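The residues making up each chain are set out below.
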Amino acid sequence: MMNHVLHLKSLLSGRTFRPDEIDYVDPEFGPDGIVDVVYDYDAIKRAISRESLRDNRDASIWRYKPLLPVRPDAPVPPLQIGWTPLYPAPRLGALLGLRQVWVKDDGRNPTASFKDRASAIAVVKAQERGAEIITTASTGNAAAALSGICASVGQANVIFVPEKAPPAKVAQLLAYGATVMLVRGTYDDAFELCLQASDAYGWYNRNTGFNPYMSEGKKTATLEICEQLGWQAPDRIFVSVGDGCIIGGLHKGLKDLMALGWIERMPKLMGVQAAGSNYLAEAWERGEDVLTKPPIDAQTVADSISAGLPRDRLKAMAAVKETGGAYVTVSDDEILTAIPALARGCGVFAEPAGATAYAGLVKAVEQGLVSADERIVVLNTGSGLKDVAGAMKGVERAGTQAYRVDADLEDLKRVMATI
Ligand SMILES: *Cc1c(COP(=O)(O)O)cnc(C)c1O
């Protein structure tokens, strides 16, 4: 049985390819030749509807299988990926003078980040091809997602991360049994080495902004958001941006929903970047061409969104431009402060890159970009437990600390009296 993919379309030349013709990119442009997966929406409409979803008990991304680039009968990994909660956050809203704010917590995925949505597709595609080894370069979370999902099906994988990746992320990879290469260099260096290695060894490559199926996994978040809101699309979605694959994927999901006629209007996508890794925000503000703009030196406490040359920059720019959204930049200080603010305001504990989306909402409100009656979704992309050192910096900035007491009620009373 076939899936509903019509063809793969090159973003740069518009040329189309059969899915069995190329594995990743338009060969004319090498690694920059990113392609988009084009579907037969009429066939999709015959396979799935808003009504059929209402009765579907599959609480995972696979509830949208007819909208994904996998065969209907393809075996899927057993870990429960996606269908993460969308929490109303009235206290956060009130703090910011907004009437309706929701937080979608993708830290609740099996490996604790949004990346599970993409890696799940990578594993299914690799197994379709009978690949012996899957590889990826990653700042940490894409790798953990890949190796975790590989572990769930017994698939070998080789991971390239910058040697400065947070220890919790490296530990997670090793626990899942991945072969881990700590690359002396940046994420961008790890990415290049991974491309060379997959070429040299014939490994299946999951790299972001290279493998066209990753956006397809990532789009499931906007499918869920709209379904969870009863198909009443929000006005704006805030998401942190590094390589731009998530925001591009969110856009793809929304375009699918518009094509199917399941939502009536396009939400505005708000990309939030760290000031020290602001390639896309800068290109957007200055109207620069991301095909010719040179890489920047990326440095931010939010390691998951540190990208000197965002690999999915074409889709990331289109996501903001075509939805009438904006790019917003926040400092590392604002990111760290957002960790406890988000946690206290709604009970969602985010890693720095996850809290960045909330910091971006705060900034957008300050800049008058958001009006009080808009329906706003903030996407937390990763769990706070991914980067405990980052969380500690955040709570220190918020001026909170633990108290030390003797194991003795009198001493406790002494301390309580000071609070
Ligand atoms: C990967 C990641 C992002 C950014 O996604 P891109 O596709 O690189 O823009 C944001 N937050 C977390 C936690 C991530 O792991």
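Above: the structure in question.
Here's a quick rundown of the structure. These numbers were taken from a predicted model, which means no experiment stands behind them.

All right, on to unusual backbone geometry then. Positive phi values are uncommon outside glycine, yet Trp83 reaches one of about 50°. Relative to the helices and strands, Trp83 is located in the loop between helix H2 (50-54) and strand E4 (86-88). Unusually for a residue other than glycine, Trp231 sits at a positive phi of about 65°. Residue placement: Trp231 occurs in the loop between helix H9 (220-228) and strand E10 (236-240). Judged by relative accessible area, Trp231 falls into the buried class, the value being 14%.

Now for the site of the ligand. The full set close to the ligand counts 16 residues, and Lys115, Asn141, Gly242, Gly244 and Thr381 are the nearest of them. Taking Gly244, its main chain carries an N or O atom lying 2.7 Å from an oxygen atom of the ligand. Within the backbone of Cys245, one N or O atom sits 2.9 Å away from an oxygen atom of the ligand. Coverage of the ligand by the protein amounts to 98% of the 380 Å² it exposes when considered alone. Cavity membership is defined here by more than half of the atoms lying within 2 Å of grid points; on that basis the ligand lies in the largest cavity.

A few words on helix H12 (residues 313-323). Of all the positions in H12, only Arg313, Lys315, Ala316, Met317, Ala319, Val320 and Thr323 are classed as buried. Residues of H12 that are buried sit in contact with strand E3 (35-39), helix H8 (214-218), helix H10 (245-260), strand E11 (268-274), helix H11 (279-286) and strand E12 (326-330). Positioned one or two residues after H12, Gly324 has a phi angle of 70°, which is positive.

On to the nonpolar core. Judged by nonpolar contacts, the single largest core of 92 residues is most densely connected at Phe160, Ile247, Leu250 and Tyr327. Apart from the residues within four sequence positions on either side, Leu250 is in contact with Phe114, Lys218, Lys219, Ala221, Thr222, Ile237, Val239, Leu269 and Leu379. Counting residues in each nonpolar core, the second largest holds 34 residues, with Met270, Ile339, Ile376 and Val378 among its members.

The contact between helix H4 (residues 116-128) and helix H5 (residues 141-153) brings their axes to 8 Å, and the two run at 50°. The angle between the axes of H4 and H5 places the two elements in the oblique class. The chirality of how H4 crosses H5 is right-handed. Note on element contacts: H5 touches H4 through Ala142, Ala145, Leu146, Ile149, Cys150 and Val153, opposite Asp116, Ser119, Ala120, Ala122, Val123 and Gln127. Its residues placed into classes, the contact of H4 with H5 shows 9 nonpolar, 2 polar and 1 charged.

With 5 bridges joining them, strand E7 (residues 156-162) and strand E8 (residues 179-183) adopt parallel strand pairing. Across the sheet, residue Ile159 finds its bridge partner in E8, namely Val180. In the classification by handedness, the crossover that spans E7, the intervening helix H6 (residues 167-175) and the parallel E8 is right-handed.

The next thing to look at is the sheet that holds strand E6 (residues 133-137). Reading across from one edge, E8-E7-E6-E9 is the order of the 4 strands in this open sheet, with parallel pairing throughout. For this open sheet the edge positions go to E8 and strand E9 (204-205), each flanked by a neighbour on one side alone.

Let us now look at the side chain of His251. If you trace the backbone, His251 turns up in helix H10. Once residues within four sequence positions are removed from consideration, His251 is found in contact with Met266, Leu269, Ala318, Ala319, Glu322 and Thr323.

Estimates place the volume of the largest pocket at around 680 Å³. Residue contributions to the lining of the largest pocket peak at 3 residues, all from helix H15 (residues 388-397).

Conventions and cut-offs
Residues numbered from 1 in each chain as written. Predicted model: local features only at pLDDT ≥ 70, side-chain atom pairs only at ≥ 80, totals over all residues. Heavy atoms only, no water. Helix = DSSP H or I, 4+ residues; strand = E, 2+ residues; numbered from the N terminus. Buried < 20%, exposed > 50% of the residue type's maximum accessible area, 1.4 Å probe, protein only. Near = heavy atom within 4 Å. Polar contact = N/O pair within 3.5 Å; in protein donor to acceptor, adjacent residues only side chain to side chain. Areas by Shrake-Rupley, 256 points an atom, 1.4 Å probe, with all protein chains shown as cover. 1 Å grid on protein atoms, 1.4 Å probe; cavity = no way out; pocket = protein on both sides within 12 Å on 5 of 7 lines; lining within 4 Å. Sits in = over half its atoms within 2 Å of the grid points. Contact = heavy atoms within 4.5 Å. Core = buried A, V, L, I, M, F, W, Y, C linked by side-chain atoms within 4.5 Å. Axes fitted to C-alpha atoms, helices over the stretch in contact; angles between N-to-C directions. Parallel < 35°, antiparallel > 145°, perpendicular 65-115°, else oblique. Left-handed = near helix turned anticlockwise from the far one by under 90°. Nonpolar A, V, L, I, M, F, W, Y, C, P; charged D, E, K, R; others polar. Pairing = 2+ DSSP bridges. Right-handed = clockwise from strand over helix to strand, strands pointing away. Points joined across faces, edges and corners; volume = space filled by probe spheres on them.

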